[in-house]
Amino acid sequence: QVQLVESGGGLVQPGGSLGLSCAASGSGFTVYHMGWYRQAPGKERELVARLTSGRDTNYADSVKGRFTIARGNATNTVFLLMNSLQPEDTAVYFCNGYVLLRGDVAGTNYWGEGTRVTVSS
């Protein structure tokens, strides 16, 4: 079984910075793509940033130039550095990982439970 555990959410003032981290734990798996999604109250979950196994990155237009996604030295970790945060960035942020379990021929999307980020003065 695979678990994704996020950490690093909290309250920050507009213009501030915050870092999120996510680690995949378990055994018998390989993590390929990893990314971050967010869901604001009353809105659908949306992609924030994604990093493929080939190290290609995708960012939502709303966060380009402000957020940076990176994989850790341990390949089962991913970080999101968020700068110049604005109230509209307030949301629950979810870690996502595309995981291939040993013996499987197709991958599965796994999700963390989410970590709340609140941008407010």
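Conventions used here
- Residues numbered from 1 in each chain as written.
- Predicted model: local features only at pLDDT ≥ 70, side-chain atom pairs only at ≥ 80, totals over all residues.
- Heavy atoms only, no water.
- Buried < 20%, exposed > 50% of the residue type's maximum accessible area, 1.4 Å probe, protein only.
- Helix = DSSP H or I, 4+ residues; strand = E, 2+ residues; numbered from the N terminus.
- Pairing = 2+ DSSP bridges.
- Contact = heavy atoms within 4.5 Å.
- Salt bridge = Lys/Arg side-chain N within 4 Å of Asp/Glu carboxyl O.

Undergrad: I'd love a proper account of the pairing of strand β3 (residues 18-25), names of residues and values included.
TA: Side chains of β3 alternate between two faces, with Leu 18, Leu 20, Cys 22 and Ala 24 buried and Gly 19, Ser 21, Ala 23 and Ser 25 left unburied. The sheet contact formed by strand β1 (residues 3-7) and β3 spans five bridges and is antiparallel. Bridge pairing links Gln 3 to Ser 25 in β3. Strand direction decides the pairing type here: β3 and strand β8 (residues 77-82), joined by six bridges, are antiparallel.

Undergrad: Go over the environment of Tyr 37 with me, naming the residues and quoting the values.
TA: Mapped onto the fold, Tyr 37 is located in strand β4 (residues 29-39). The spatial distance from the C-alpha of Tyr 37 to the C-alpha of Gly 107 is 19 Å, given a sequence separation of 70 residues. If sequence neighbours within four positions are ignored, Tyr 37 has contacts with Arg 45, Glu 46, Leu 47, Val 48, Val 92, Tyr 93, Phe 94, Asn 96 and Trp 111.

Undergrad: Give me the lowdown on the pattern of salt bridges, citing residues and values where you can.
TA: Taken as a whole and assessed by the stated rule, the structure comprises four salt bridges. We note a salt bridge from Arg 66 to Asp 89, for which the minimum N-O separation is 2.8 Å. With Arg 66 in the loop between β6 (57-59) and β7 (67-71) and Asp 89 in the loop between β8 and β9 (91-101), this residue pair connects regions lying 23 residues apart in the sequence.

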